Amino acid sequence: MNGKADPRTAGERTTSRARLDRGRGALGPALELVHTGRAPTRAVLTAELGVTRATAGAVAAELEALGLIRVDARPGSAAGSQGRPSHRLEVAEDGPVALAAQIHADGFRAALVGLGGRIVATAPGCETVDADPAKVLASVVEAGAELLHRTGRRCVGAGLAVPSAVAEPDGLALNPLHLAWPVGAPVRRIFAECVRAAGLDGPAFTGNDVNLVALAEHRHGAGRGARDLLCVATGHRGVGGALVLDGRLHTGSSGLALEVGHLTVNPEGRPCHCGGRGCLDVEADPLALLVEAGRAPGPELSLLRQADDLLRTRYDDPAVRRAAEALIDRLGLGLAGLVNILNPDRIVLGGLHRTLLAADPDRLRAVVADRSLWGQSGGVPILPCTLDHSSLVGAAELAWQPVLDDPLTALAGTTG
């Protein structure tokens, strides 16, 4: 050897760096395409980004070097594609994770969620919620930190789902009606303090649980591909709603949009926590079904589990069927009003509403069509949510968002 660098090798390195520099701004969009399953191959990634094949290859290689995706050299092709099969792209199974936490009326749960909305590990759920939010959030973060310690995963941040509207910009739980928490509890600040106290890296975020269900379903579940997605779900108590417009949550001017639980669907109905009567929140949730069916709630299982089991195992019981039909009619009335106002292109239902839809899909769709302005001709697809633990997946999406926006900057601030 003469000690001189091969000019061809040096030139190739220079060309590769130039391609990556041109594609650096595409790292985030590329990662989001793989994360949401919209770029299963390098050829699709190239087309979606509108870059050259070489630039797309450099971008994919950089994301792989960051430990975020895997590039499978075995050829794969999208359905209907022509020409030479392209390399497969998929999220890295052993890559970083987000800590996700969910609080609900019947307890809390923590999980680690990777890219692609994939739940890597969960901690056993707690069945009681203390009246002091700081104690609850410290416990759920501790459970999540133990998962991280046990799995040895790198953490990009943390997200929290709460059964309350979260007022912006301060992250206050404005109406935790089904928790004994004080109104206006600063849950985002408390959660962030607990995350830091546990020695975890990355930012901490908080959002309303049904908003996060909608976000998760839009990116990874039944709402994928929808432009204007309406999500309505029961949770463990009460009813919530959320709207995704052009891929982004519509939260209103201060985070309080789509409080659908307080639509009146039965003027002579039950008193609601908000001071009204006959709201969807108290007329179409798990407790409403149990009461309507003449079943006394028991202490051994959550209300959601009891109501869900009743529909799945005793739907032939006339009292259970009548109760289900009453809830379906009230839910349909509320959905029809929302369709008239929002004109979504898809509706997804979560929690007990998913089970009600499965029990009698024709009845619910007929009620919505009969009450909407456009009738059958303007029918909106009504689908069940498809993700398990969708609130946790949505909470993780909050923590993943900075990485999707700018992978290099976001990952520079985290450690293994």
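Residues numbered from 1 in each chain as written. Predicted model: local features only at pLDDT ≥ 70, side-chain atom pairs only at ≥ 80, totals over all residues. Heavy atoms only, no water.

In the annotation of an unreviewed UniProt entry, the protein chain is listed under the name Sugar kinase of the NBD/HSP70 family, may contain an N-terminal HTH domain and assigned to Streptomyces rubradiris. In UniProt, the protein chain has this text filed under Sequence similarities (unreviewed entry): "Belongs to the ROK (NagC/XylR) family." (UniProt positions renumbered as here; feature names shortened; annotations may be inferred.)

A few words on the packing of helix α3 (residues 42–49) against helix α4 (residues 53–65). Between α3 and α4, the least distance of the axes is 9 Å, while the angle of their chain directions is 110°. By the angle between their axes, α3 is roughly perpendicular relative to α4. In terms of crossing hand, the pair formed by α3 and α4 is right-handed. In this structure, α3 uses Arg42, Leu45 and Thr46 to contact α4, whose residues at the interface are Arg53, Ala56, Gly57 and Ala60. When its residues are assigned to classes, the contact of α3 with α4 shows 3 nonpolar, 2 polar and 2 charged. (Axes fitted to C-alpha atoms, helices over the stretch in contact; angles between N-to-C directions. Helix = DSSP H or I, 4+ residues; strand = E, 2+ residues; numbered from the N terminus. Parallel < 35°, antiparallel > 145°, perpendicular 65-115°, else oblique. Left-handed = near helix turned anticlockwise from the far one by under 90°. Contact = heavy atoms within 4.5 Å. Nonpolar A, V, L, I, M, F, W, Y, C, P; charged D, E, K, R; others polar.)

The linkage connecting glutamate 168 with the following residue, proline 169, adopts the cis geometry, with an omega of 10°. Relative to the helices and strands, proline 169 is located in the loop between β7 (166–167) and β8 (172–173). Positive phi is not limited to glycine here, since aspartate 246 has a value of about 50°. By the element assignment, aspartate 246 lies in the loop between β11 (240–245) and β12 (248–249).

On to the sheet that holds strand β3 (residues 97–104). Pairing is mixed in the open sheet, where 5 strands are placed in the order β5-β4-β3-β6-β9. Here the strands that pair on one side only, and so sit at the sheet edges, are β5 (119–122) and β9 (204–208). Put simply, the sheet's adjacent strands are angled 25° from each other on average, direction ignored. In this sheet, strand β4 (residues 107–113) lies alongside β3 in antiparallel orientation, the contact comprising 7 bridges. Counted as the bridge partner of glutamine 102 is arginine 109 from β4. Set on the sheet, helix α6 (residues 187–197) makes contact with β3, β6 (155–162) and β9; between it and β9 the angle comes to about 145°. Across the sheet, helix α14 (residues 390–405) lies against β3, β4, β5, β6 and β9, angled at about 140° from β3, the strand it touches most. (Pairing = 2+ DSSP bridges.)

Turning our attention to the side chain of aspartate 285. Secondary-structure assignment places aspartate 285 in the loop between α8 (280–283) and α9 (286–292). A distance of 3.0 Å separates a polar atom in the side chain of aspartate 285 from the backbone nitrogen of glycine 238. Of note is the side chain of aspartate 285, whose polar atom sits 2.9 Å from the backbone nitrogen of alanine 288. Excluding residues that lie within four positions of it along the chain, aspartate 285 makes contacts with Thr234, Arg237, Gly238, Val239, Leu280, Leu327 and Leu352. (Polar contact = N/O pair within 3.5 Å; in protein donor to acceptor, adjacent residues only side chain to side chain.)

Let us now look at a nonpolar patch on the surface. Taken together, Leu174, Val183 and Leu256 make up a surface patch of nonpolar side chains, about 250 Å² in accessible area. For valine 183, the position within the fold is in the loop between β8 and α6. (Patch = residues over 30% accessible without salt bridge, like charges linked within 9 Å, V, L, I, M, F, W, Y side chains within 5 Å. Areas by Shrake-Rupley, 256 points an atom, 1.4 Å probe, with all protein chains shown as cover. Salt bridge = Lys/Arg side-chain N within 4 Å of Asp/Glu carboxyl O.)

With that settled, the discussion passes to the sheet that holds β11. Strand order across the open sheet formed by 5 strands is β12-β11-β10-β13-β14, with mixed pairing between neighbours. Two strands bound the open sheet, and with one partner strand each, they are β12 and β14 (382–384). Relative to β11, strand β10 (residues 228–233) is paired through 6 bridges, and the arrangement is antiparallel. Directly across from alanine 233, in β11, lies its bridge partner glycine 240.

Okay, the environment of arginine 314 next. Tracing the backbone shows arginine 314 in helix α10 (residues 303–314). Judged by its relative accessible area of 41%, arginine 314 is partly exposed. Leaving out residues up to four positions away in the same chain, arginine 314 has contacts with Arg295, Asp309 and Val320. (Buried < 20%, exposed > 50% of the residue type's maximum accessible area, 1.4 Å probe, protein only.)

Next up on the list: the pattern of salt bridges. Across all of its chains, the model carries 18 salt bridges by this definition. The partner of arginine 227 in a salt bridge is aspartate 246, and the shortest N-O contact between them spans 3.2 Å. With arginine 227 in the loop between α7 (209–220) and β10 and aspartate 246 in the loop between β11 and β12, this pair connects stretches of sequence that are 19 residues apart. Given the relative accessible area of 53%, aspartate 246 is considered exposed. Of the charged contacts in the structure, one is a salt bridge between aspartate 329 and arginine 363, with a shortest N-O distance of 3.0 Å. Taken together, the residues span a long stretch of sequence, with aspartate 329 in helix α11 (residues 318–342) and arginine 363 in helix α13 (residues 361–371) at a distance of 34 residues. Note on aspartate 329: relative accessible area 29%, which makes it partly exposed. Sharing partners across several salt bridges, the network here consists of Arg270, Glu283, Glu292 and Arg330.

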